[in-house]
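Secondary and tertiary structure notes
Letter by letter, the chains look like this.
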Amino acid sequence: MVNKKIQFILKRREDYNPFSHSKNGLSTGLYNSAFFMNEMMKDLNFQSQMDIAIDNNCIDRLVTEYKPTHVIIEALWVTPSKFSILCKLHPKINWIIRLHSEMPFMANEGIAMDWLGEYIKFPQIKIGINAPRMLSEVKAFLNISNQSDVTNRIIYLPNFYPQEYWYYSPLDKEKEFIDIACFGAIRPLKNHMVQAIAAIKYANKFNKKIRFHVNSERIEMNGNPVLNNLQGLFQHLADSNHQLIQHKWTCRDQFLDLCMKMDVGLQCNFSETFNIVSADIISQGVPIVSSKEIPWASTWWNADPTDSDDIMNKINLALNFGRMNVFLNQRKLYRYTNDTKKIWYDYFKGE
């Protein structure tokens, strides 16, 4: 076993309700991401544990109980003033703040740049980033804002996804409807509207009827107008039999079962670093159409997120060559996650 003891700490969602949420009350994407990383590190023979904090004040207790060498704080939620206390209480701990977003998404976090600038002032803190472009941009910002070079404290720690998905779910050509998934939280950068128009164009061009599936319970970053427009769009298409299907936010096993029932998944988003939704869909043997923002996705089915005609054509391509789509995307995802394992192992072994 490698002589490192790693602790992942996540914050419970502020809107947590024990009667309507899971016991963790977490964003599914963030929770799954940290869970996958924790399991990967254990498979690599590191001691690793994942804990959930109600707020900043839980961290001292959690690290005192576990006694880690490294603490990975998932996303921006611990205030710089709290770190001034934690670094004094636990001077031997290496702290890593791990970011999960590209700059367009981060621009909507009003505290992001200020907090990053404050974090890097503490020698015990490093900034972990899961996307190369964001890595470059944060390095540029923090190196300019500090008198000393902090490049070695801004580190690349990409995402991992379980590598158990070697099968294909063939299209049922006798179905009355084509089921098109556009899952994930409703946010402007997720680009639901353009993808919905593309799906409708596909249906009209090839004389099909579609069911356009979304998750309607997670509305973030002024996403309410997006959902309202989706509902208005399909309300006025009722005579065409195209349908908007709105799903509740479910546990992971139920979500994977839902993904398996789809014919194609759309994730032609404006900003991504990994996109677990695409990985979930492709893991169930269902083809995807994505944007170039998803780093592991096959470029053959990349579409311009601003061009509904391009997305429409890639939907047709994905449905006609579904087996190839799934095979190439599964292979590329496997290679990406193999690289992830090596990057994390090399970093923590060398620490």
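Residues numbered from 1 in each chain as written. Predicted model: local features only at pLDDT ≥ 70, side-chain atom pairs only at ≥ 80, totals over all residues. Heavy atoms only, no water.

Along the backbone of the protein chain there are twelve helices and eleven strands. If one aligns the C-alpha atoms of the protein chain with their principal axes, the spans along those axes are about 65 × 45 × 40 Å. A burial count over the protein chain gives 54% of its 351 residues as buried. In the protein chain, 75% of the contacts between residues at least 6 apart in sequence involve partners at least 24 apart. (Helix = DSSP H or I, 4+ residues; strand = E, 2+ residues; numbered from the N terminus. Buried < 20%, exposed > 50% of the residue type's maximum accessible area, 1.4 Å probe, protein only. Contact = heavy atoms within 4.5 Å.)

As a further point, take the confidence of the model for the protein chain. The predicted coordinates should not be examined in detail at positions where pLDDT is low. Across the protein chain, pLDDT averages 93, with 95% of residues at or above 70. Ignoring residues within four places in sequence, the model shows residues 17-23, a span with pLDDT below 50, making four contacts including any to other chains. (pLDDT = per-residue confidence, 0-100.)

To continue, consider the environment of L135. Mapping L135 onto the fold places it in helix α6 (residues 132-145). Look at L135 and you get buried, because its relative accessible area is 13%. As for L135 and F212, which are separated by 77 residues in sequence, their C-alpha atoms are 35 Å apart. When near neighbours in sequence (up to four residues on either side) are disregarded, L135 contacts I129, I154, I155 and Y156.

Quick look at the side chain of Q124 now. Within the secondary structure layout, Q124 lies in the loop between α5 (112-119) and β5 (125-129). Relative accessible area serves as the criterion here: at 19%, Q124 is assigned to the buried category. A distance of 3.0 Å separates a polar atom in the side chain of Q124 from the backbone oxygen of H90. Within the structure, the side chain of Q124 is placed 3.3 Å from the backbone oxygen of P91, a separation counted as a polar contact. Contact partners of Q124, with chain neighbours within four places excluded, come to C87, H90, P91, K92, I93, N94 and W95. (Polar contact = N/O pair within 3.5 Å; in protein donor to acceptor, adjacent residues only side chain to side chain.)

What follows covers the packing of aromatic side chains. Per the stated rule, a full pass over the model turns up 20 aromatic pairs. Residues Y165 and W166 carry aromatic rings whose centres are separated by 5.2 Å and whose planes lie at 50° to one another, so their mutual orientation is tilted. Using a relative accessible area of 1% as the deciding quantity, one classes Y165 as buried. A connected cluster of aromatic rings, assembled from ring pairs, spans Y31, F35, F36, Y161, Y165, W166 and Y334. The cationic tip of K5 hangs over the ring face of Y66; the distance from NZ or CZ to the ring centre is 4.6 Å. One residue, K209, lies across the ring of F177, its end atom 5.3 Å from the ring centre. (Phe/Tyr/Trp six-rings, centres within 6.5 Å; stacked < 30°, edge-to-face > 60°. Lys NZ or Arg CZ within 6 Å of the ring centre and 35° of its normal.)

On the surface, a nonpolar cluster with roughly 400 Å² of combined accessible area is contributed by W300, L317, F321 and M324. Counting through the fold element by element, L317 comes out in helix α11 (residues 308-320). (Patch = residues over 30% accessible without salt bridge, like charges linked within 9 Å, V, L, I, M, F, W, Y side chains within 5 Å. Areas by Shrake-Rupley, 256 points an atom, 1.4 Å probe, with all protein chains shown as cover. Salt bridge = Lys/Arg side-chain N within 4 Å of Asp/Glu carboxyl O.)

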